Amino acid sequence: MSSYGLLLVLEGGEGVGKTTQWQRLSTRLAESGAEVLALREPGGTPSGDTIRSLLLDPASQLSASTEALLFAASRAELVAQAVRPALERGVIVLLDRYLLSTYVYQGDARGLPMAGLRAINRFATDGLVPDCTLLLKLPLSESLARTHARGSPDRLEQEARSFHERVARGFDAAGDPAWQSAHPECGPIVPVLAEGSPDQVALRCLAVLSARWPSRFSELVPAFR
Ligand code: TYD
């Protein structure tokens, strides 16, 4: 096996439990002896965190194209400063969101043209394709109820239900192999049922990884051997 690392991404709408799984997976992989770098988008670098504050602050007034460019700027910084150097050292990089979020939130939900989003993100990522994206799926009513229960919604969470419906439809479309063939820059995307306890969802995520990379991950899921 090459010493190059793996780029794994967790995706999904608000309130699907993505960040919980991101934390669990990074802990589980680290416990198994793997070197893991867990980073979130937007953010993950000092400049990216500044951009994140601007993007999520409900007081920020941003046009849709400015929003897309700021997500891409945060991503460019993350890829250049953190992700690529780690992959070159053989590290497993686990990202909480990446390019697919832009296609879904700024493309499907905001309605920005895909050609422009593709171009700015090709520039931002320099063509860095995830090895696998785990797409967490939960019915919208359930995920929105969880988000509301958390309180203090950020700028994106405050969007109307119709916005989140378009996000959900965008993620649904991305689970389709035909969509993935038409968007090779997103890499393989595997839908994972996010219902049930965090442990059950974590096991499903680990099962996907162990099926794709048996020699690397199968010892993490004894129940699936
Ligand atoms: P965050 O607090 O990280 O939310 P979550 O826990 O749901 O990931 O906020 C990130 C928000 O930014 C989230 O609403 C999704 C949105 N987003 C985009 O609109 N475009 C993007 O490219 C990315 C990475 C995130």
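In what follows, the structure referred to is the one given above.
What comes next concerns the included structure. Predicted, not measured: the structure shown is a model, and the values here were computed from it.

A look at the packing of aromatic side chains
- The full count for this structure, using the stated rule, is three aromatic pairs.
- Ring centres 6.2 Å apart and planes at 75° place the aromatic pair Y105 and F171 in the edge-to-face group. Of this pair, Y105 sits in helix α4 (residues 99-109) while F171 sits in helix α7 (residues 161-174), placing them 66 residues apart in sequence.
- Between W213 and F217 the ring centres are 6.1 Å apart and the planes differ by 80°, which places this aromatic pair in the edge-to-face class. Neither residue differs from the other here; W213 and F217 are each classed as buried.
- An aromatic cluster is built from Y105, F163 and F171, whose rings are joined through pairwise contacts.
- R75 extends its terminal NZ or CZ atom over the ring of Y98, reaching a point 5.6 Å from the ring centre.

Structural notes on unusual backbone geometry
- Of note, the bond from E41 into P42 is cis; its omega dihedral lies within 30 degrees of zero at -10°.
- Of note in the backbone geometry, D126 takes a positive phi value of approximately 55° without being a glycine.
- Checked against the element boundaries, D126 lands in the loop between α5 (114-125) and β4 (132-137).

A closer look at the site of the ligand
- Neighbouring residues of the ligand: 16 residues in total, closest E14, K18, R97, T102 and Q106.
- One of the side-chain nitrogen or oxygen atoms of R75 is found 3.0 Å away from an oxygen atom of the ligand.
- At 2.8 Å, a side-chain N or O of Q106 approaches a nitrogen atom of the ligand.
- Starting from 540 Å² of accessible surface for the ligand in isolation, the protein chains cover 92%.
- Sorting the residues of the shell around the ligand by element identifies α1 (18-31), α2 (46-56), α3 (64-88) and α4 as the ones contributing at least two each.
- In terms of residues, the shell around the ligand owes the most to one element, α4, which gives four residues.
- Looking at side-chain class alone, the shell around the ligand contains five nonpolar, four polar and seven charged residues.

Here is what the cut-offs are and how they apply
Throughout, a residue's number is its position along its own chain's written sequence, starting from 1. Where totals are concerned, whole chains, interfaces and linings use all residues; where local detail is concerned, this predicted model gives features only for residues with pLDDT of at least 70, and gives and counts side-chain atom pairs only at 80 or more. By convention in this description, side-chain values take in all heavy atoms of the structure and omit both hydrogens and water. Under the pairing criterion, centres of Phe, Tyr and Trp rings, with the six-membered ring standing for Trp, must be within 6.5 Å; the plane angle then separates stacked pairs below 30 degrees from edge-to-face pairs above 60, leaving the rest tilted. Numbering of helices and strands starts at the N terminus; helices are DSSP runs of H or I of at least 4 residues and strands are runs of E of at least 2. Only protein chains enter the accessibility calculation, which uses a 1.4 Å probe; a residue whose area is less than 20% of its type maximum is buried, one above 50% is exposed, and one in between is partly exposed. Consider the ring centre and the ring normal. A charge sits over the ring if Lys NZ or Arg CZ is within 6 Å of that centre and within 35 degrees of that normal. The nearness test applies per residue and asks whether one of its heavy atoms lies within 4 Å of the molecule or strand. Any pair of nitrogen or oxygen atoms within 3.5 Å is treated as a polar contact; in protein, a donor-acceptor pairing is required on top of that, and neighbouring residues in sequence qualify only through side-chain atoms on both sides. To measure how exposed things are, a 1.4 Å probe is used in the Shrake-Rupley method; for residues, cover is taken only from the protein chains shown. Polar here means any residue other than Ala, Val, Leu, Ile, Met, Phe, Trp, Tyr, Cys and Pro, which are nonpolar, and Asp, Glu, Lys and Arg, which are charged; Gly is therefore polar.

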